[in-house]
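# Analysis of the macromolecular model
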Amino acid sequence: MKRVAGGGRDMTVIGVAVLGITFTLFSGCAVFEDERTAKGRKLYNHYCSHCHGETGQQGEGFNWERMSDPRPKNLASTAEMSTFSDEEIFHTVYRDMKDTTDPKVIDDENYFAVPTMPTFKYTLSEEEIWSIVGYVRTLHGMSLSYDLETRKKELEEVFQAVEQEMETAKSAFEAATEKAEAAQAAYEETLTDEQLESYEPKEVTIPEEEVFLVANEKYETAKAAVDNFLKRPKKPQVSRPDLSLAEEDRVAQAKLGKQLYNDKYGCQGCHSLNDEGGVVGPALDRAGFRLNPTWVYRWILYPQAMKKHTRMPNLGISEKDAKALTYYLGTLQAPKPENSRSPSE
């Protein structure tokens, strides 16, 4: 902040954001960003710009030309992007990855069946993804119309309601259990020592237990929804895998892994084989030589545990699929390039 003379008095000139408002320039236009949009811009630049470009233009991102069709949309096109609702853009980014060769997936008009477009559902919070959607809207001259505050309020209200329901059900279950245990103890008091020796208590069904279990499941679901809105998904526990398999089974799993690599998780969007595919991540031609299988498995399941700020998102890959992908990557053993140097050179 500095002072300059003007109009016979000092005037305060502010060079940066005031009250959380930041100023930026793109495409020759001045654009004001609120705090949420600025957050979306930062996330977009880290996770999206290498494919979509800094301003959303096709061919702008360094990875764009390396991608297979359909290539990323022109996010700067008002004509095209205005045909999509905020919710449709959100669910393109916040979805589960599915096998795009499955007819059910192909015929599902509500599912974005492009494997090379990753999901960020298991990497970012819902609020962070909405901030990306808000920033994407600015790239084609629109703004986010989705009511995030109402969404947050609804999630909190549902959580509070099911929390009360769960607590009520829990109290009823505990009271019923205590009553049943007291009745059991009273009955056992009527038995002789001889009868007690051969006595085996019968399992008692407590109706309140089922009610509690249902209410508790609803509580956990509502709590997860609130947490996922505000917080990034929790780091999962990744145990050391057992990758020992008979050769025949290993071949079958590697074949499955190749199909998952191409058609479900779209790994070729960021990684290359035989100089085809993306250049965001390292080439995988010699992955079978240079990568430890256990490390590969853990990286696939939760890359952020290995490198916190990696661009590779957690794709929600199951342990079964992670093993198949690991077996497939183990088969990638291309010859060493002739012009490469040895470590001693």
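Conventions we followed
As a convention, each chain's residues are numbered from 1 in the sequence order in which they are written. A pLDDT threshold of at least 70 governs which residues receive local features in this predicted model, and a stricter bar of 80 or more applies before side-chain atom pairs are shown or counted, although totals over entire chains, interfaces and linings include all residues. Here the side-chain values reflect all heavy atoms present in the structure, with hydrogen atoms and water set aside. Numbered from the N terminus, helices here are DSSP runs of H or I no shorter than four residues, and strands are runs of E no shorter than two. Working rule for helices: expected span equals 1.5 Å times residues minus one. Here the term buried applies to any residue with accessible area under 20% of the maximum for its type, exposed to any over 50%, and partly exposed to those in between, with areas from a 1.4 Å probe on protein chains only. In this description, one arc is meant: the one made by directions from the helix axis to the C-beta atoms. By definition, residues are in contact when any of their heavy atoms lie within 4.5 Å. As a per-residue quantity, pLDDT reports the predictor's confidence and falls between 0 and 100. A 1.4 Å probe that fits into a set of points on a 1 Å grid over the protein atoms alone but cannot get out defines a cavity; an open set with protein on both sides within 12 Å along at least five of seven lines defines a pocket, and lining residues are those with an atom within 4 Å of a point. Grid points are joined across faces, edges and corners, and a volume is the space filled by probe spheres set on the points. In the scheme used here, Gly and all other residues not listed as nonpolar or charged are polar, with Ala, Val, Leu, Ile, Met, Phe, Trp, Tyr, Cys and Pro taken as nonpolar and Asp, Glu, Lys and Arg as charged.

### Quick word on unusual backbone geometry
- Of note, the bond from Asp69 into Pro70 is cis; its omega dihedral lies within 30 degrees of zero at 0°.
- Within the secondary structure layout, Pro70 lies in the loop between α2 (49-52) and α3 (78-81).
- Residues other than glycine seldom take positive phi values, yet Asn274 does so here, at roughly 55°.
- Mapping Asn274 onto the fold places it in the loop between β5 (272-273) and β6 (276-277).
- You will see that Asp275, though not glycine, has its phi angle at about 65°, which is positive.
- Relative to the elements of secondary structure, Asp275 occurs in the loop between β5 and β6.

### Section: helix α10 (residues 247-264)
- Here α10 is 18 residues long and its end C-alpha atoms lie 25 Å apart, about the 26 Å a rise of 1.5 Å per residue gives.
- Of all the positions in α10, only Ala254, Gly257, Leu260, Tyr261 and Lys264 are classed as buried. Along the axis of α10, the buried positions cluster into a sector of 145°, meaning they face one direction only. Opposite the packed face of α10, turned more than 90 degrees from it, sit the exposed residues Glu248 and Lys255.
- Residues of α10 that are buried in the fold lie against β5 and α14 (319-330).
- Two residues or fewer after α10 comes Gly266, characterised by a positive phi angle close to 55°.

### Looking at the confidence of the model for the protein chain
- Across the protein chain, pLDDT averages 89, with 88% of residues at or above 70.
- Confidence over residues 1-31 falls short of pLDDT 50; this stretch has 39 contacts with residues more than four positions distant or in other chains.

### What about the layout of surface pockets?
- Counted as a void, the largest pocket has a volume near 840 Å³.
- Taken together, 37 residues line the largest pocket, and the ones lying closest to its centre are Ile89, Thr92, Val93, Phe112 and Met117.
- Those elements that provide at least two residues to the lining of the largest pocket are α1 (35-47), α2, α4 (86-93) and α6 (126-139).
- Looking at the lining of the largest pocket, the element that brings in the most residues is α4, giving 5 residues.
- Its residues assigned to classes, the lining of the largest pocket comprises 24 nonpolar, 6 polar and 7 charged.
- For the second largest pocket, the calculated volume is near 590 Å³.
- What lines the second largest pocket is a set of 27 residues, among which His271, Gly281, Pro282, Trp299 and Met312 lie closest to the centre.
- Sorting the residues of the lining of the second largest pocket by element identifies α12 (293-301) and α14 as the ones contributing at least two each.
- The greatest single-element share of the lining of the second largest pocket, amounting to 4 residues, is contributed by α12.
- Looking at the lining of the second largest pocket, its residues break down into 19 nonpolar, 5 polar and 3 charged.

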